Amino acid sequence: MTLSQHTTTPTKRKKITVLPGFKLTLGYTVLYISILVLLPLSTLVWNTMQLSWADFWAVITDPRVVASYKVTFGTALIAAMINVIFGTMIAWVLVRYDFFGKKLIDGLVDLPFALPTAVAGIALTALYAPNGWIGQFLPFQVAFTPLGIIVALTFIGLPFVVRTVQPVLENVGAESEEASASLGANRLQTFTKVIFPELIPAILTGFTLAFSRALGEYGSVVFIAGNMPMKTEITPLMIMTKLEQYDYAGATAIAVVMLVASFVILLVMNTIQWLVSRKYTV
Amino acid sequence: MVISLDSSKQSVKADPTSLKEPRIVRIALTTLSLLFLFIFLVMPLAVIFISALRKGLDVYVASITESDALSAIQLTLLVAVIAVPLNTLFGIIAAWCITKFNFKGRNLLITIIDLPFAVSPVIAGLVFILVFGAQGLFGEWFLNHDFPIVFALPGILLASLFVTVPFVARELIPLMQAQGTQEEEASVSLGANGFQTFWHVTLPNIKWGLLYGVILCNARVMGEFGAVSVVSGHVRGLTNTMPLHIEVLYNEYQFTAAFAVASLMSLLAILTIIIKNIIEWKTAHR
Amino acid sequence: MSITIQNVKKQFGDFTAVDNVSIDIESGELIALLGPSGSGKTSLLRIIAGLEQLDEGAILFDGENITNIHAKERNIGFVFQHYALFRHMTVFDNVAYGLKVRPRKTRPSKKEIRDKVMTLLSLVKLENFADRYPNQLSGGQRQRVALARALAVEPKVLLLDEPFGALDAKVRKDLRRWLRKMHNEFHVTSIFVTHDQEEALDVADRIVVMNKGHIEQVGPPEEVYDHPNSPFVYDFLGNVNLFKGRMQNGQLVNGNFSVDVPEAETTSEAEAIGYVRPHDIHIERTKTFDDAVQANIIYIHAIGPIVQIELHRDDIDEYLEAELPKEQFRALELKRGEQVYIRPRQLKVFIPEDFSI
Amino acid sequence: MSITIQNVKKQFGDFTAVDNVSIDIESGELIALLGPSGSGKTSLLRIIAGLEQLDEGAILFDGENITNIHAKERNIGFVFQHYALFRHMTVFDNVAYGLKVRPRKTRPSKKEIRDKVMTLLSLVKLENFADRYPNQLSGGQRQRVALARALAVEPKVLLLDEPFGALDAKVRKDLRRWLRKMHNEFHVTSIFVTHDQEEALDVADRIVVMNKGHIEQVGPPEEVYDHPNSPFVYDFLGNVNLFKGRMQNGQLVNGNFSVDVPEAETTSEAEAIGYVRPHDIHIERTKTFDDAVQANIIYIHAIGPIVQIELHRDDIDEYLEAELPKEQFRALELKRGEQVYIRPRQLKVFIPEDFSI
Amino acid sequence: SSSDSKGNAETVNLLNVSYDPTRELYEDINTAFAKEWKQETGQNVKIQQSHGGSGKQGRAVIDGLPADVVTLALAYDIDEVAKNRHLIDKGWADEYADHSSPYTSTIVFLVRKGNPKNIQDWDDLVKSDVSVITPNPKTSGGARWNYLAAWGYAAKKYDNDKLKIENFMKQLYGNVQVLDSGARASTTTFTERGIGDVLISWENEAYLSLDELGHDNYEIVTPSMSILAEPPVAVVDKNAKHKGTEKVAEAYLDFLYTKEGQKIAAENYYRPRDKEILKDYQKQFPKIDMLTIRDFGDWNKAQAEHFSDGGTFDKIYTTN
Ligand SMILES: Nc1ncnc2c1ncn2[C@@H]1O[C@H](COP(=O)(O)OP(=O)(O)OP(=O)(O)O)[C@@H](O)[C@H]1O
Ligand SMILES: Nc1ncnc2c1ncn2[C@@H]1O[C@H](COP(=O)(O)OP(=O)(O)OP(=O)(O)O)[C@@H](O)[C@H]1O
Ligand SMILES: [Mg+2]
Ligand SMILES: [Mg+2]
């Protein structure tokens, strides 16, 4: 997907009134999204309201739940940052260098989009378990520790960063780089001062998407996390736990917290991005 | 991701060696990237296939032709056949609305379309229980009319639709934005009506991006686990989709069979990638 | 078809892109909309085409109000600046498009379409390119396809938005001649947008000069060029020398010299600016006119039939540009660094209302 | 700094973009690389800048071979067609960039950088725009920033790739004058690429005309314009009338008339083409010259100091274009539709080797 | 009912919503019951199975999964189903013999071959060098039996000194390295991933693991004291009534108590209630000192005390 590049849409867009179907398409879009997304999501809030404020507060600040926030946000953040670093690097290598099998590698990047997360979880657990292909060679344990969660979240988030940075990198004007070189800058200076600033909006977008996707990830994580309370229990699992105990109000309360968090993150990142790009994009 | 529709890319792009990193840096970066991809993408894939074929081809074939597996495959395909066209239609319409017109709240609409990306699949499943579950908003009504939504096909469908709402729209919006509206205007000024304009002008221009969005949407519909797991009810041979069936097999200690079905899904993922590459190649060589 | 534009106004938010514009265009005319970037040319053209809605005013075709008629029913040929060819269609299909999308009962037969398209393609000299895709054509060829496409639906009105804006100088020149010929053959009422004054002067029957959303002047090229009715038009339509000075007793006083300004006899003690085209600067070796002032030749550019001379006035430390025919130049035997006497042959004085010019 | 280009060749795959090009450029010269699209101008410029590697030949700066020196060490200022300003930097930061990226020991102090940048900005009249971002500037302003940025590193050589290509006709004209002035002040050896012959003729000390990767002609503007040494240059450097005919006894025979061609006295019975610039067509009302032929005036375009007249020759059904000074035009009292007699005043004959022209 | 009159051609569908480790058991039961039902009534019966965490399954039924019978891990889960939407009649636990629990199991230890850490009883699990695998009692119904068994042992050992018991539990769960969400996941972690020295498991699961994953690799250790795990069954009256399957549903559960049903249970390593059959499989089911849920009051009490938010289980992890 390409990703909230909408923050950088040209300001001088022509307002089209001759093309037909504005009311129809807008109506359909709003209706569809309302029925499928907004209405269901609003029931979360509705259900939460069955709790008193005190109960709500108690549920969402329960120590185990709070610990799960920390685990979830912490690992998602680290995974998103790993993805930013390696995703940008991979995008760079894919765009700038030629090597054997590049097309294949390029295609492979989409794998996490297409692979069921449960399968990914199982496969990654098999790899990183202490007796796994990779795990047995590592001096520290990966699966069933927060590290394992990070591995799973890195896996599912990778394409977001690569696929947002890649097209931008392809379009970063060769001229800018040449201008920099002709002004006497070396390669590193050109990258840090000219190319990287151009990539920032895309990287931010990729980061936001990878991060918010990681916050909600369930399928792959439960297999590899170990699910130890206070240590490796993620928030989506807490929601599941509440559900298994017939505690709908508790489950929706936590879900609302997550939803608000995702939304705020999306919003904050979009705003930052908008602030960054507003200055100098046409 | 945007497929780079780069036929317009400057063919006169420079490739002077003076603008490249030192060889050593290039090699280091490439190696590091490949290593990363190998560990994070190739190895898991290898695990799946090797585990699937560990007990030989016969077991493999048996695992994926066993009746529960077949019904899971059937269900998954059925869900895809319904969900993908619906979201494709939505994607096209939403993209048209968002890129061809300028209106207040446009950015909010895009954000809401994006929202399912950021909502945990568990929550996505949960909300449909809250709406259509027996204790939910409309649950009683549907129950009384003998039209089960959750723990049946419609629920699985809704959850799948929810998680894949943004795919096609998100693929098309930047593409259509980049292409602008001039060709459409030309078409209208030549006397074409709205549908003709869409069919003859817009669609051919976005078809590769559209196809790519559809492929991704399809892959995600088929692969969705978390959300579907919540609304499925896990009835063997009835409401288990392929990912759920994999979990079932896994829980029955039928690891080989589980990986066999998983490998089938991976094959799908790989097929997706191949088709995508063909698309890109076609786009580049037009 | 005659076009009447009545008090048209168009706003984008707070910004007025087209401000109370009225023009009468006769059937068969070729009109140029000329103006700097952002002056509202495109907006006006799109309003005429029905691609943009107007906020106030009306558009009449042959006296009939078509303001609320949809673009596709206006029977207009629109040629876009960047051609807007259908990328996935061959040249043939591009040109045939407008015919193919007609409702069945008015749609010509396949053969008729074919014949019509081939006729048009041979008209634009592209009969051998029918099967090519737009990206296999040069810019000039694409523009001709765009024109053929617009002509295929036999429009009553042809609108062109900077038709040659994206082309090479050489190709541009060729194509504008060719546009004139096309226009003469088809006699379709045509309006084209340009910000290139040469192009407008060269091609159009009449020029509409626009600035900041309103019309500065409308008239035939000679009139607009020779008798601009505002400093803006003067400046925009060619090189110009500015004689900034003060009005004193009906005379513009500028450095060592003063000229009678009959049309501003009564004005006094006001700042004023005299506008003189380079070819209206008279140069002589010896002072024959009283009011000639002394100047130095800084640079001579003597290519082609016209020689451009840059001068520096000694009296007020200002630079001037003069143009004279080569023969005259040879006769005068001017050299760089020499001293000459200059005098504006024709001078138009505008008294700025505010001093913002 | 003088630049010597020695037998430079550059291939892209099988395609030869620059073919055995040699030019000597003196220190302080302003050279125009002129040619149609795809003729290799940009490629050559980029080779000089070190942005592109050459396949054969050498580049010498002040006699020193710098072929293998890295772009960033050539001390060159490069101005790109689309400015290539750094979008995320203010105007000030853009201009300061080249100084800021210097290695610490040669880097000026912050204050020095500041002073230098402000000096340059005031030079390009943008001192008040230091804090703006490029997208807040007009095209012409951006181009000036690009120039200031290139000049900030005090280059010995300034290379400009179609510096005004993306600008309005009016702005272009202003900027090219301004470029000349800048060049005169800085006296940096400068090469600029253009496909606009007027621009080249107007600004350059010498013009290098390129075609299909090789050099057609090098020389000062007047020479190239008045004495083109190939049909290509003739055609490319301005409007031209073609007199296609046959050589007979050292005379070019074309329709009813024939002219002596001293330089081709020996050639006989060959196809030949005479090239005549529009202003070298002599028009008279009554036949005074024997070899004048009769023509009809089709179109008169009488704006500015030069009047353009389109004519149709009766004898061989061909169209001609003539230009004459307005005064002469007035004296002749020419009208559309009238019959006149024409005669080429100056005619250059090229005998095509193949008939591909 | 109507299905009887329509005769052979008709197939009646029955949905049995069960918990994870009963897959193999009900596969056999369903085949046998279908055969018997066909013989008796001439009607085809097709039993559909749903498996998952016990709590999750109970919730699904409440939310509308149209189960005819539920066969879950805990009475508590069925109580919930009964309570919500009144899907099951109140006195369900007395509908069938033995608290409506036709088969039982108990909690044992699965250790690696040769028992390298020499684990014999619950005390060994709290040793600092022992790594324990057990599922999360909050998400796995079965795991709550594990928890209660350990608690019962500690209660006896420390003579109901609550502080000491809690301390014991804390040490025990402190040794837990992976707390999977379900019993099957725990087994996989122990066997496939090679993590942990001991898996606390239901007896039937332990035996099944030996069968499925190799007798050479693991062995079962029976602790000195355990708990009688009584997975209950019930007809979901409202659903069955709605679908007209009451009769066959009741017959289905009745079948579990028949000799044949009991035998199948025993073959799937569940302890049969039928004394005779139990005798036949004596070797398989060593005698252990067993508590029952009634030693903890009832499930509602146990749930409230131990597993609800802020219960003893939460305290293990949230206090130190
Ligand atoms: N859809 C729009 N929304 C807001 N402002 C607009 C819109 N379309 C045009 N404008 C503004 O209206 C003014 C006139 O625009 P227009 O495109 O008509 O100018 P133009 O004369 O064609 O300029 P150019 O030569 O650059 O094409 C400009 O300032 C432009 O920014
Ligand atoms: N990197 C490249 N790869 C392949 N061909 C190239 C490359 N760069 C230039 N060419 C080709 O070399 C030829 C000369 O290109 P060049 O850009 O030098 O032309 P130009 O004279 O600058 O033209 P224009 O006026 O269009 O900019 C063109 O045919 C172009 O397609
Ligand atoms: Mg415009
Ligand atoms: Mg070029």
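Quick caveat: nothing in here was measured; it's all calculated off a predicted structure.

Peer 1: Could you give me a rundown of the packing of helix H8 (residues 174-182) of chain A against helix H9 (residues 187-216) of chain A, with the residues and numbers involved?
Peer 2: Residues and elements named next belong to chain A. At a closest axis distance of 10 Å, the pairing of H8 and H9 adopts a crossing angle of 130°. When the axis of H8 is compared with that of H9, the two are oblique. Of the two possible hands of crossing, H8 and H9 adopt the one that is right-handed. Each of Ser176, Glu177, Ser180 and Ala181 in H8 lies in contact with H9, whose residues at this interface are Arg187, Thr190, Val194 and Ile195. Residue composition of the contact of H8 with H9, grouped by class: three nonpolar, three polar and two charged.

Peer 1: So what about the interface of chain E and chain B? Which residues, and what values?
Peer 2: Between chain E and chain B, the residue contacts involve 31 residues of the former and 21 residues of the latter. Together chain E and chain B conceal approximately 2200 Å² of surface at their shared face, both sides included; 52% is due to carbon and sulfur atoms. When the buried area of chain E at its contact with chain B is split by residue, Arg23, Asp63 and Arg85 of chain E rank highest and sum to 23% of it. The tally of links between chain E and chain B comes to two salt bridges. On the surface where chain E and chain B come into contact, there are eleven residue pairs in polar contact (both at pLDDT 80 or more). Secondary structure elements with two or more residues in the side of chain E that touches chain B: helix H2 (23-41), strand S2 (44-50), helix H3 (54-62), helix H9 (183-191) and helix H10 (203-213) of chain E. A class-by-class count of the residues in the side of chain E that touches chain B yields seven nonpolar, eleven polar and 13 charged.

Peer 1: Describe the arrangement of the chains, with residues and values.
Peer 2: Across the eight pairs of chains in contact, the largest number of contacts is found between chains A and B. Between chain C and chain E there is no contact, and the shortest C-alpha to C-alpha distance separating them is 52 Å. The two units chain D and chain E remain apart, with a minimum C-alpha distance of 50 Å.

Peer 1: Any details on the side chain of threonine 71 of chain E? Residues and values, ideally.
Peer 2: All names here are of chain E. With respect to the element layout, threonine 71 can be found in strand S3 (residues 69-71). A distance of 2.8 Å separates a polar atom in the side chain of threonine 71 from a polar atom in the side chain of serine 18. Every residue in contact with threonine 71, bar those within four places of it in the chain, is listed here: Asn16, Val17, Ser18, Tyr19, Tyr26, Tyr103, Pro232, Val233 and Leu253.

Peer 1: Which residues make up the domain arrangement of chain C, and what values go with them?
Peer 2: Residue and element names in this part refer to chain C. In terms of domains, chain C is made up of domain 1 (3-236) and domain 2 (240-354). For domain 1 and domain 2, the distance between their C-alpha centroids amounts to 39 Å. Every contact between the two is made by nine residues of domain 1 and, on the other side, eight residues of domain 2. Of the roughly 780 Å² buried between domain 1 and domain 2 on both sides combined, carbon and sulfur atoms contribute 57%. Contact with domain 2 buries area across many residues of domain 1, yet Tyr225, Pro231 and Tyr234 alone supply 72% of it, more than any other trio. The interface formed by domain 1 and domain 2 includes zero salt bridges.

Peer 1: Any details on helix H7 (residues 141-157) of chain E? Residues and values, ideally.
Peer 2: Taking 1.5 Å per residue, 17 residues should reach 24 Å; H7 of chain E reaches 25 Å between its end C-alpha atoms and fits that length. At the exit of H7 of chain E stands aspartate 159 of chain E, carrying a positive phi of roughly 55°.

Peer 1: Could you give an account of the sheet that holds strand S4 (residues 56-61) of chain C, naming the residues involved and the relevant values?
Peer 2: Residues and elements named next belong to chain C. Strand order in this open sheet of four strands is S2-S1-S4-S5, and the pairing throughout is antiparallel. Two strands close off the open sheet at either side, each with one partner strand: strand S2 (15-25) and strand S5 (64-65). Across two bridges, S4 lies against S5 in antiparallel orientation. Paired with phenylalanine 61 across the bridge in S5 is glutamate 64.

Conventions used here
Residues numbered from 1 in each chain as written. Chains lettered and ligands numbered in written order. Predicted model: local features only at pLDDT ≥ 70, side-chain atom pairs only at ≥ 80, totals over all residues. Heavy atoms only, no water. Axes fitted to C-alpha atoms, helices over the stretch in contact; angles between N-to-C directions. Helix = DSSP H or I, 4+ residues; strand = E, 2+ residues; numbered from the N terminus. Parallel < 35°, antiparallel > 145°, perpendicular 65-115°, else oblique. Left-handed = near helix turned anticlockwise from the far one by under 90°. Contact = heavy atoms within 4.5 Å. Nonpolar A, V, L, I, M, F, W, Y, C, P; charged D, E, K, R; others polar. Buried area = accessible area lost by both parts, 1.4 Å probe. Salt bridge = Lys/Arg side-chain N within 4 Å of Asp/Glu carboxyl O. Polar contact = N/O pair within 3.5 Å; in protein donor to acceptor, adjacent residues only side chain to side chain. Domains from an automatic or database assignment. Expected span 1.5 Å × (residues − 1). Pairing = 2+ DSSP bridges.

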